[in-house]
Amino acid sequence: MTGTVLLLRALGLGDLLTAVPALRGLRRAFPDHVVLLAAPEPLAELLPLLPEVDELVPTPGLADFRWRRAAPDVAVNLHGSGPESVRAVCSTGARQVLSHRHPAAPPVAGPDWEAEQHERQRWCRLLRHYDIDADPDDLLLPTPLDRPRTGVAIVHPGASHGARLWPVERYAEVARWAADADFDVVLTGSESEHERAARVAELAGLPGNSVLAGRTGLRELAALVAHARLLICGDTGIAHLASAFRTPSVVLFGPVSPRYWGPPVDTRHIALWHGRSGDTFASDPDPGLLAITIGQVIDAARRAVRRG
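Residues numbered from 1 in each chain as written. Predicted model: local features only at pLDDT ≥ 70, side-chain atom pairs only at ≥ 80, totals over all residues. Heavy atoms only, no water.

A. Looking closely at the nonpolar core. Membership of the largest hydrophobic core comes to 53 residues, with the highest contact counts inside it found for Leu-7, Leu-26, Val-76, Leu-78, Ile-154 and Leu-241. Discounting chain neighbours no more than four positions away, the residues touching Leu-7 are Leu-23, Leu-26, Val-35, Leu-36, Leu-37, Ala-38, Val-76 and Leu-78. With 33 residues, the next largest nonpolar core counts Trp-166, Tyr-171, Ala-172 and Leu-187 among its residues. (Core = buried A, V, L, I, M, F, W, Y, C linked by side-chain atoms within 4.5 Å. Buried < 20%, exposed > 50% of the residue type's maximum accessible area, 1.4 Å probe, protein only. Contact = heavy atoms within 4.5 Å.)

Next up, the structure:
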């Protein structure tokens, strides 16, 4: 290998997965380079599914980014609109910086930021500005060989912000329906979401071993989704795993439209959305999200499974 390409994407699971088409475009453009990904360390568990990346450089967040290695040949800002992320990639001393431009950041020859586009398209558009081809639909991941528990219906009641939390009582009704329909139902989530998942299981009358929240790493979670029959969740990272593995999914959107973060066009993925945008960082569930009914979710789940 003849050089180094640094990719800055110090964000979460869904953010990484929506950048996969861009990662593949960059790998094709720099086939003989070492590709480094600056991202949170837990995401390293997914690298066996991402041959486009050679090494993960642990970066908890943008505020923690400090480049202490030799200057890369190319530094790519796949993180955000700037100016902080633009400054970060420029601070590496890279010979070439690929980034959107920002008036408050060091000058780069990139395109202006456009808010009105899907996240996968955003990064492919950035690369096309630099004559690097990338296909926003090139998002599928290879199926993991691990098979921790196959054929399950996953109910994932957590999300990163309160605005995206559909009520536990409603998730419980959906989980009870799935169990009554002879699905092997499991509840997933992070360690901090274990109590919420356990409450869903309790209300749904599910056994304690159905609660996997806090008990799976990303590698095991990816394998679980890849071999599942169905995923029901809000607008959060695990939804993008279902897209990557073509696992039938029902994703509940609010306050952000699926136009920006939704699954690809595929009949096995159903995005429920009531057309109301709101505050992503609000602590209470978004009114548009609350407008989604239990019946709508169950009906969508039936359709997704039939199409899968």
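B. View of helix H7 (residues 218-226). Burial of H7 is extensive: seven of the nine residues sit out of reach of the surface. Those residues of H7 that fall on the buried side of the exposure criterion are Leu-218, Leu-221, Ala-222, Ala-223, Leu-224, Val-225 and Ala-226. Here the buried face of H7 lies against helix H1 (13-18), strand S6 (152-156), strand S7 (184-187) and helix H8 (237-245). (Helix = DSSP H or I, 4+ residues; strand = E, 2+ residues; numbered from the N terminus.)

C. Quick peek at the sheet that holds strand S10 (residues 269-272). Read from one edge to the other, the open sheet built from five strands follows the order S7-S6-S8-S9-S10, with strand pairing classed as parallel. Two strands bound the open sheet, and with one partner strand each, they are S7 and S10. Going across the sheet, the axis of each strand differs from the next one's by a mean of 15°, ignoring polarity. Two elements, S6 and strand S8 (residues 230-234), share four bridges in a ladder whose sense is parallel. Of the residues in S8, the one forming a bridge with Ala-153 is Leu-230. Here H8 sits on the sheet in contact with S6, S8, strand S9 (249-252) and S10, set at roughly 150° to S8. (Pairing = 2+ DSSP bridges. Axes fitted to C-alpha atoms, helices over the stretch in contact; angles between N-to-C directions.)

D. Focus on the pairing of strand S2 (residues 33-39). Across the seven residues of S2, six count as buried, placing the element largely inside the fold. With six bridges connecting them, strand S1 (residues 3-8) and S2 associate as parallel partners. Directly across from Leu-7, in S2, lies its bridge partner Leu-37. Bridge count for S2 against strand S3 (residues 55-58) is four bridges, and the pairing is parallel. If you follow Leu-37 over to S3, its bridge partner there is Leu-56.

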